[in-house]
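Residues per chain are reported as follows:
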Amino acid sequence: MEYNPQDIEQKWQARWKADKTYATSNHSEKPNYYVLDMFPYPSGAGLHVGHPLGYIASDIVARFKRHKGFNVLHPMGYDSFGLPAEQYAIQTGQHPAVTTEENIARYREQLDRIGFSFDWDREVRTSDPEYYRWTQWIFTQLFNSFYNYKLQKAEPIFKLINLFETEGFNGSDHEFLTGDIEHDIVPFNAEEWKAFGEKKQEEILLNFRLAYLSETYVNWCAAMGTVLANEEVKDGVSERGGYPVERKLMKQWSLRITAYAERLYNDLDAIDWTESIKESQRNWIGKSVGAELSFRVEGSEAKIPVFTTRPDTLFGVSFLVVAPEHELVSKITTAEHKTAVEEYVHYASNRSERDRMADVKKITGQFTGAYAIHPFTGAQIPVWIGDYVLAGYGTGAVMAVPCGDQRDYDFAKHFNLPIPAVFEGVDISEKADPTKEARMINSDFLNGLTGYDAIKMCIVRLEEKGIGKGKVNYRLRDAIFGRQRYWGEPIPVYYKDGVAKTFKDEHLPLVLPEVDKFLPTTDGEPPLARAETWNYDPEIGLVANGEGYPVELTTMPGWAGSSWYFLRYMEPNGVNNFVSRSIADYWQQIDLYIGGAEHATGHLLYFRFWTKFLHDLGYIGITEPAKKLINQGMIQGVSEKIHTLKVLSVAGHSGKSNTVHFFNGKDITPVEFNDQLVSAYYSHDLKIALNFESNEHNIDISLTENSVISPENMSKLGEWRDDFADAVFVCEGGYWWQGTFHRLKDGSDVFRTKSEVEKMSKSKWNVINPDVICNELGADTLRIYEMFLGPIEQHKPWNTNGISGVSGFLRKFWRLFTAPSGFNLSEDAATPAELKVLHKTIKKVNDDIERYSFNTVVSAFMIAVNELGELKCSKRSILEPLVVLLSPFAPHIAEELWEKLGHEQTVTQAAWPDFNASYLVEDSVSYPVQFNGKMRFTLDIPAAYTREQIEAEVLGWEATTKYLEGKAPKKIIVVPNKIVNIVY
RNA sequence: GCGGAUGUGGCGUAAUUGGUAGCCGUGCCAGACUUAGGAUCUGGUGUCGUAAGACGUGUGGGUUCGAGUCCCUCCAUCCGCACCA
């Protein structure tokens, strides 16, 4: 009876589906456990072997926890709004919903093939109107909330309106409404508020709403026709597509995530995530503690506020620098510097983000002619503008302390400004030194203090004088929420007389309208402007254009739907709430969340933000979504590449035997060859031999083996890519043309490719599809092999070198039950040796799953099978528990064996085997005995001996006397079960 | 520049608290069975050495009877942030 994975796997997958084996109840006596994968975007390329890595790990934990008696929530769904489906729609006219539906079907098929224990009754899709009605609803909640900085929580906006109606708004008494955030709200009293009228009131409220409309600089990507979040921009170009991105002032919906900066920062300490993810989030939030103070401008009303982390260096200030975009620039610039400053501002505004980043070292700036007054010394301080100061951070102005800050130092040197010293004994002749250790000099009341003390002291004095205060600044910006795209959640907002208002709950969901094309309109409006029924009447709902009020045209960004999905799985079909409070309280946090580290500052930050917000309004009881996070590593692909020439010139290119000039980066080398060389493709060994500069092209890896394209496959190249049909492929000894080798000289006719480890992707032709492995060796082999590759968090290239070991292991496991003939296990009592193998394995498997070390579990199984094979063990009492141990890893083979063992229930219901340590205890332990750390001999000592008995036994041994040579031992070290060391 | 992580056989990796480094798997060598094998089984496999033995976890140092593990130095690779005041 051979192990036949295909039959077994099909049988059990069908049965699980029919019986709903993995359906989970929201009510149970058992303790509960929530294990979640980051849900995928269903792309057209389907799953590759990298996707299931995390899913397999989470599935193992889910199945393990079920065996251990937990009620396990282990759902799956799709993050189905996204750009690729929309771009495909633009190209083909096919509705993104149709594309998405097809892709999901394919994903589901592939996922089912691997045998996951997801509860598919709980599937969610972010693009399903029944799902996104709640995404939209949460948006309306954000719109109708403000942040109370005193209580550090969000509250309904009506509380704020009540306050304004009774007390008005007075900057200092109501500071808890604005926190440390800069604002320019003019104070008003209750009467004034009432007299403002709706439009003006709404304008004021927008300063407080957590979802708000404002004129802000955005990352505008002209090529994609949309704005991008900071997280979607890398090195000045779009993360997807690599198109240029520019700063542009636009009216935009944003979410006030900055209100949550402090909590997002502090709560990181309480969750068990990797240090690198937490550190990324801390970097992104960018908390810095310091002080804000204002400099008066001489002969003007203007004050320049600056933020500094080093108030101790206040007496080292020799000039101020404000950002070119700063609103004070035009006000303070003197007449004689006006032209130069305007020119500079113009120059700075024309430099894109990318240019600015590219030449960081270039020092530019301009004197405004204005002077500020030092708050303590009264000295005149020149005010400059310079683009090394960013408008978007802090106050957009800095007090320059050249002795303590390298950028200020460089600026001072470049423009010949003074560099006063404030640190005792610190050399600043070559560079700035930001030490806090040194004592202060030339600093009035700070003299003699170290930097640490001076910081505190200075803040006290600033507050006494009323010119500044201690302040915390964050790098985190509010999240831009509107996208000029079609395939996303419509923002449920309409505009009545220019005032934004949210839809009534009963009119949600606001379903995506049908449009004729998925492109922006000819006058640049987002695709939703093409809809014919896109106006709103608060009494009726959506109405035809021309009636009611116009509806918002932008849609939500990709991360909206994924910011709360873990809650929807708890009650996927709930019609009254996004989730009922009682059910949310039952499941609480995600116990284990598995997904890629690339979401560190995107999804994972918004996920935490929305969870906190929903908690503040009392809808859920938790403030962090996931207790434990594991970042599975990427499985990379191995690409195979061939070369084309970067040719400088081709001389006398006609007839046979021509000369091609290869350029190797330095020299031009003439090389004799046949014709058709310029557009030819070159074997990698030839490229190495000639060392020319080349462009690389990916080749479908299925056409290569060990980085060689075989002669048979050479002829298939033309079928694979049309333009290869007539192409020439040059090897060392000749060339391939139309699949035939033309010999020119002695040398190889093997065409080599260059292999390179890179991200697995369709465009690189290096994708390994899990279906192929499932068909050849079975899903259980795939599951175990992916776990066996190495630690789950590690990036690793996919290679199948070891896969035969894994499939061999499963066959051997199967044979334990079926050898020598048929399924025939012995009911005899197990021997101590057999029991030892079993219990050693129970312990190892259990402990290693608990610490997420899946690769070592696989090793433990292999050892057990080897040892039981040697013992020729075929006893039920040993093998039956092993089936349960294996079932999280290889559920199909486990089910089949479990059934053959005569059980009526599936293995899923079986309890985890009990571990009994007494079977592991040995009669005697073999102790290595050392003298002064050197191993001399081993001594068998009864395991039950105490430390003192062991010492006596060792000292009584005649070899001991020999080694001690009459010296008394100074110390005897006995490590239980490990070693004895005698120091003399 | 700041921060995080990682360095162990030919390769993927293991060593839970400091206790015989290299488990398990691949690859390789030898053998058995075989018409054959990408089947199965047995033995070997860190380096040098015939051997005894010596050396060995990126480098150099330290703590310890004992260090892959703890501390310091340097080097290399990867990742995140980066003119953030």
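Model, not experiment: these values are computed from the prediction. (Residues numbered from 1 in each chain as written. Chains lettered and ligands numbered in written order. Predicted model: local features only at pLDDT ≥ 70, side-chain atom pairs only at ≥ 80, totals over all residues. Heavy atoms only, no water.)

Here we take up the overall build of chain A. Of the regular secondary structure elements, chain A holds 30 helices and 41 strands. Looking at the 984 residues of chain A, the share that counts as buried comes to 53%. Looking at chain A alone, contacts between residues at least 24 apart form 69% of all its contacts between residues at least 6 apart. Of the roughly 44,300 Å² of accessible surface on chain A, a fraction of 49% belongs to carbon and sulfur atoms. Taking the average place of the 103 positive charges on the side chains of chain A and the average place of its 134 negative ones, the gap between the two points comes to 4 Å. (Helix = DSSP H or I, 4+ residues; strand = E, 2+ residues; numbered from the N terminus. Buried < 20%, exposed > 50% of the residue type's maximum accessible area, 1.4 Å probe, protein only. Contact = heavy atoms within 4.5 Å. Areas by Shrake-Rupley, 256 points an atom, 1.4 Å probe, with all protein chains shown as cover. Lys, Arg positive; Asp, Glu negative; His and termini not counted. Charge placed at Lys NZ, Arg CZ, Asp CG, Glu CD.)

What follows concerns helix α14 (residues 406-415). Asp408, Tyr409, Phe411 and Ala412 are the residues of α14 that are buried. The buried residues of α14 occupy an angular sector of 165° when the element is viewed end-on, so they sit on one face. Buried-residue contacts for α14 involve β12 (319-322), β14 (380-385) and β15 (397-400). Of the residues trailing α14, Asn416 is marked for its positive phi of about 60°. (Arc of directions from axis to C-beta.)

The next point concerns the sheet that holds strand β5 (residues 211-221). An order of β6-β5-β9-β17 is seen for the four strands of this open sheet, with the pairing classed as antiparallel. Every other strand in the sheet has two partners, leaving β6 (226-228) and β17 (479-480) as the edge strands with one partner each. Seen against the sheet, helix α5 (residues 129-143) touches β5 and β9 (246-255) and runs at an angle of roughly 95° to β9. (Pairing = 2+ DSSP bridges. Axes fitted to C-alpha atoms, helices over the stretch in contact; angles between N-to-C directions.)

The antiparallel open sheet is built from three strands, whose spatial order is β21-β20-β22. Edge positions in the sheet fall to β21 (541-543) and β22 (549-550), since each has one partner strand and no second. Strand direction decides the pairing type here: strand β20 (residues 535-537) and β21, joined by three bridges, are antiparallel. Counted as the bridge partner of Tyr536 is Leu542 from β21.

Turning our eyes to something else, we now look at the side chain of Thr395. Looking at the secondary structure, you find Thr395 in the loop between β14 and β15. The exposure class assigned to Thr395 is buried, which follows from its relative accessible area of 13%. Beyond its immediate sequence surroundings of up to four residues, Thr395 is in contact with Glu292, Pro305, Val306, Phe307 and His326.

Okay, the side chain of Thr753 next. Tracing the backbone shows Thr753 in the loop between β35 (751-752) and β36 (754-758). Separated by 2.8 Å, the side chains of Thr753 and Glu640 make a polar contact. When residues no more than four places from it in sequence are discounted, the contact partners of Thr753 are Glu640, Lys641, Ile642, His684, Thr704, Ser707, Val708 and Ile709. (Polar contact = N/O pair within 3.5 Å; in protein donor to acceptor, adjacent residues only side chain to side chain.)

Inspection of the entire model under this criterion finds 68 aromatic pairs. Centre to centre, the rings of Phe319 and Phe411 are 5.6 Å apart; their planes meet at 25°, and the pair counts as stacked. With Phe319 in strand β12 and Phe411 in helix α14, the pair connects residues that are 92 residues apart, well separated along the chain. Relative accessible area serves as the criterion here: at 0%, Phe319 is assigned to the buried category. Arranged with centres 5.3 Å apart and planes meeting at 55°, the rings of Phe813 and Phe817 form a pair that is tilted. Remark: Phe817 and Phe813 occur in helix α24 (residues 803-818); sequence separation between them is four residues, near one turn of the helix. You can call Phe813 buried: its relative accessible area is 2%. Look at Phe817 and you get buried, because its relative accessible area is 0%. Every member of this aromatic cluster is reached through a ring pair, and the members are Phe319, Phe367, Tyr371, Trp384, Tyr388, Phe411 and Phe415. Just above the ring of Trp16 sits the side chain of Arg63; from NZ or CZ to the centre is 5.1 Å. (Phe/Tyr/Trp six-rings, centres within 6.5 Å; stacked < 30°, edge-to-face > 60°. Lys NZ or Arg CZ within 6 Å of the ring centre and 35° of its normal.)

Mean pLDDT over chain A stands at 86; residues scoring 70 or higher make up 90%. Note on residues 651-657: pLDDT is under 50 here. Beyond four places in sequence and across chains, it has 13 contacts. Both scores are given for the predicted complex: the pTM is 0.89, the ipTM 0.93. (pLDDT = per-residue confidence, 0-100.)

Further remarks concern the packing of helix α23 (residues 779-788) against helix α28 (residues 891-900). Taken N-terminus to C-terminus, the directions of α23 and α28 make an angle of 130°; their axes are 7 Å apart at the nearest point. Taken together, the axes of α23 and α28 are oblique relative to one another. Within the contact between the two elements, α23 uses Ala779, Asp780 and Arg783 and α28 uses Pro891, His892 and Ile893. For the contact of α23 with α28, the class distribution of residues is three nonpolar, one polar and two charged. (Parallel < 35°, antiparallel > 145°, perpendicular 65-115°, else oblique. Nonpolar A, V, L, I, M, F, W, Y, C, P; charged D, E, K, R; others polar.)

Mapped onto the elements of the fold, Val493 is located in strand β18 (residues 493-496). A relative accessible area of 0% means that Val493 is categorised as buried.

Let us look at the environment of Gln94. As for its placement among the helices and strands, Gln94 is situated in the loop between α3 (83-92) and α4 (96-114). Judged by its relative accessible area of 24%, Gln94 falls in the partly exposed class. With sequence-adjacent residues up to four places away left out, Gln94 is seen in contact with Tyr88, Ala89, Thr99, Glu102 and Phe518. A polar contact is formed between the side chain of Gln94 and the side chain of Thr99, at a distance of 3.3 Å.

Glancing now at the pattern of salt bridges. Summed over the entire model, instances satisfying the criterion amount to 46 salt bridges. Notably, a salt bridge pairs Lys287 with Glu262, separated by 3.1 Å at the nearest N-O pair. Placement of the pair is Lys287 in the loop between α10 (275-285) and β10 (288-297) and Glu262 in helix α9 (residues 261-266), with a sequence separation of 25 residues. Given a relative accessible area of 26%, Lys287 falls into the partly exposed group. Between Lys504 and Glu539 there is a salt bridge, with the nearest N and O atoms lying 3.8 Å from each other. Placement of Lys504 in the loop between β19 (499-502) and β20 and of Glu539 in the loop between β20 and β21 is noted, with a sequence separation of 35 residues between them. Here the residues in one salt-bridge network are Lys11, Arg15, Glu896, Glu899 and Lys900, joined through shared partners. (Salt bridge = Lys/Arg side-chain N within 4 Å of Asp/Glu carboxyl O.)

The side chains of a regular strand alternate, first on one face of the sheet and then on the other. Extensive coverage of β14 is indicated by the burial of five of its six residues. Bridge analysis of β12 against β14 gives three bridges, and the strand direction is parallel. Residue pairing across strands places Val321 opposite Trp384, the latter belonging to β14. Relative to β14, strand β13 (residues 366-373) is paired through five bridges, and the arrangement is antiparallel. Considered in β14, the bridge of Ile373 is made with Gln380. Hairpin geometry of β13 and β14 is characterised by an intervening segment of six residues between the two adjacent antiparallel strands and by a positive phi of about 75° at Gly378.

Relative orientation of the contacting elements α24 and helix α27 (residues 876-886) amounts to 150°, with a least axis distance of 11 Å. As summarised for this structure, α24 and α27 are arranged roughly antiparallel, according to the angle between their axes. Two packed elements cross with a definite hand, and for α24 against α27 that hand is left-handed. On the side of α24, the interface is formed by Phe809, Leu810, Phe813, Leu816 and Phe817, while α27 contributes Leu879, Leu882, Val883 and Leu886. A breakdown of the residues in the contact of α24 with α27 according to their chemical character gives nine nonpolar, no polar and no charged. (Left-handed = near helix turned anticlockwise from the far one by under 90°.)

What follows covers the pairing of strand β34 (residues 740-743). Of the pairings in the sheet, the one linking strand β33 (residues 734-737) to β34 comprises four bridges and is antiparallel in character. Within the sheet, the bridge partner assigned to Trp736 lies in β34 and is Phe741.

With that settled, the discussion passes to the state of the cysteines. Overall, the coordinates contain zero disulfides when judged by the stated rule. Left without a disulfide partner, Cys458 is nearest to the cysteine sulfur of Cys403, which lies 14 Å away. (Disulfide = S-S within 2.5 Å.)

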